[in-house]
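# Remarks on the overall topology
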Amino acid sequence: MLNAVLFYKHRKSPVCEAIVDSGSQTCLFHADLGQAMGMRVESGIEGPLGGVIDQSRGKVYYHKVRMLVAGESLEIVAGFSPILFPPIYLAQQSPGIRF
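Source: prediction; values computed, not measured. (Residues numbered from 1 in each chain as written. Predicted model: local features only at pLDDT ≥ 70, side-chain atom pairs only at ≥ 80, totals over all residues. Heavy atoms only, no water.)

## Here's the deal with the nonpolar core
How we decide: Joining through side-chain atoms within 4.5 Å is the link that ties buried Ala, Val, Leu, Ile, Met, Phe, Trp, Tyr and Cys residues into a set, and such a set is a nonpolar core. The buried label applies to any residue whose accessible area, calculated with a 1.4 Å probe on protein chains only, is under 20% of its type's maximum; exposed applies above 50%, and partly exposed to all values in between. Only DSSP runs of H or I reaching four residues or more are called helices, and only runs of E reaching two or more are called strands; each is numbered from the N terminus. Should any heavy atoms of two residues lie within 4.5 Å, those residues are considered in contact.
With 18 residues, the main nonpolar core has Leu6, Phe29, Met39, Val65, Met67 and Phe80 as its most contacted residues. If you list the elements that add at least two residues to this core, you get β1 (2-8), α1 (31-36), β6 (58-69) and β7 (72-81). Per-element tally for this core: the top contributor is β6, with four residues. Here Leu6 is in contact with Arg11, Lys12, Ser13, Phe29, Leu33, Met37, Val65, Arg66, Met67 and Phe80, once residues within four sequence places are set aside. In terms of nonpolar packing, the next biggest core, distinct from the first, is built from six residues, Leu28, Tyr62, Val77 and Leu84 among them.

In structure tokens:
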């Protein structure tokens, strides 16, 4: 587990404990975290979500954010979904999402 903080526009998330999932291609966060920073989660780029949820398929919405984790500040495209549990997964950046 790592502590992570997200920045969206000029708003900062609370410090969150995140699970590192080396098999994932993207960083995923619960939609509540994005909404707490003023993000309109469903306005992001929509994509499918599977493997980390109880359902067979769900939706994830991608947004550009800055993430502070392990002393590093990284600009990433992260996915937000209301059906994630645990609520946060960290991974390498997904090459398929472009803005």
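From this point on, the discussion continues.
## Focus: the environment of Val60
Residue position: Val60 is located in strand β6. On the basis of relative accessible area, Val60 is assigned to the buried category, the value being 0%.

## A few points about the pattern of salt bridges
Here is the rule: The term salt bridge refers to a side-chain nitrogen of Lys or Arg lying within 4 Å of a carboxyl oxygen of Asp or Glu.
Scanning the model with the defined rule gives two salt bridges in all. The salt bridge involving Lys59 is made with Glu46; its shortest N-O contact spans 3.8 Å. Taken as a pair, Lys59 in strand β6 and Glu46 in strand β5 (residues 45-49) lie far apart in primary sequence, 13 residues in all. Relative accessible area serves as the criterion here: at 45%, Lys59 is assigned to the partly exposed category. Judged by its relative accessible area of 47%, Glu46 is partly exposed. Across the salt bridge formed by Glu75 and Arg66, the nearest N and O atoms sit 3.2 Å from each other. Overall, Glu75 belongs to the exposed group, its relative accessible area being 57%. A relative accessible area of 33% places Arg66 in the partly exposed class.

## Examining the pairing of β6
Using the following cut-off: Should DSSP find at least two bridges between two strands, the strands are taken to pair.
Across four bridges, the pairing between β1 and β6 is antiparallel. Bridge pairing links Phe7 to Arg66 in β6. Here five bridges tie β5 to β6, and the two strands are oriented antiparallel to one another. The residue bridging Pro48 from the neighbouring strand is Lys59, located in β6. One ladder, built from nine bridges, connects β6 with β7; its direction is antiparallel. Across the sheet, Met67 pairs through a bridge with Leu74, a residue of β7. Linking two consecutive strands that pair antiparallel, namely β6 and β7, is a turn of two residues; a positive phi of about 50° is found at Ala70 within it.

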